[in-house]
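# Per-entry structural report
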Amino acid sequence: NEIDIEYGKWGVPDAPALDYVVYPAKAGSPPSGWSFHVTDTSAENTQRFTWTPESVKLQALSGHQNGDRKEYAAWTFTPKKAHQLVPQFAMPLHINLWLNAGLDPQDGKEVEVVIRNFTFTPAP
């Protein structure tokens, strides 16, 4: 019962840098996800998801925006057994900055995440 947008290569230099993962509503099924290389070179982006009882649509867009301009990745999860595989209950929101295996970045660079805006829009 979880939806993740994860940036990280987890110590693998040429791994995809962005993962979308949907953890099932019912225990016993594996999570479903999609990983991809980020093609956006701007420092700012918009990540969003639209969650219904039947599906989860995730999007990556260049810059900060409310529209659909400059989409560089999207994945829609619409399984046949949605009531088992799509989260069905309200869940808390967490924003985490993880260390890989508890270690600081090996290249010595600082890591900064700036969240300029967060919006929650309940379904009508």
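Rules behind the numbers
Residues numbered from 1 in each chain as written. Predicted model: local features only at pLDDT ≥ 70, side-chain atom pairs only at ≥ 80, totals over all residues. Heavy atoms only, no water. Core = buried A, V, L, I, M, F, W, Y, C linked by side-chain atoms within 4.5 Å. Buried < 20%, exposed > 50% of the residue type's maximum accessible area, 1.4 Å probe, protein only. Helix = DSSP H or I, 4+ residues; strand = E, 2+ residues; numbered from the N terminus. Contact = heavy atoms within 4.5 Å. Pairing = 2+ DSSP bridges. Axes fitted to C-alpha atoms, helices over the stretch in contact; angles between N-to-C directions.

### Looking at the nonpolar core
Counting residues in each nonpolar core, the largest one holds 14 residues, and the members touching the most others are Tyr 20, Phe 36, Val 56, Leu 58, Ala 60 and Trp 75. For this core, the secondary-structure elements that each account for two or more residues are β2 (18-23), β5 (56-62) and β6 (71-77). With 4 residues, β6 is the largest single contributor of residues to this core. With residues near it in sequence (within four places) discarded, Ala 60 still touches Leu 18, Tyr 20, Phe 36, Thr 46, Gln 47, Lys 70, Glu 71, Tyr 72 and Ala 73.

### Focus on the environment of Trp 75
Here Trp 75 shows up in strand β6. Here the alpha-carbon distance between Trp 75 and Lys 109, two residues 34 residues apart in the chain, equals 31 Å. Apart from residues lying up to four places away in sequence, Trp 75 is in contact with Tyr 20, Val 22, Ser 32, Gly 33, Trp 34, Val 56, Lys 57 and Leu 58.

### Section: unusual backbone geometry
Despite not being glycine, Trp 10 has its phi angle at roughly 50°, a positive value. Notably, Lys 70 is not glycine yet its phi reads approximately 55°, a positive angle. Note on placement: Lys 70 falls in the loop between β5 and β6. A residue is classified by how much of its surface remains accessible, and Lys 70, at 65% relative accessible area, is exposed.

### Re the sheet that holds strand β4 (residues 45-51)
On the basis of which strands lie adjacent, the open sheet formed by 3 strands has the order β4-β5-β6 and antiparallel pairing. Since the sheet does not close on itself, it has two edges, and those belong to β4 and β6, each with one partner. In this sheet, neighbouring strand axes are inclined to one another by 10° on average, regardless of whether the strands run parallel or antiparallel. Pairing analysis gives 7 bridges linking β4 to β5, with the strands arranged antiparallel. In the sheet register, Arg 48 faces β5, and the bridge partner there is Gln 59.

Nothing here speaks to function; it is geometry throughout.
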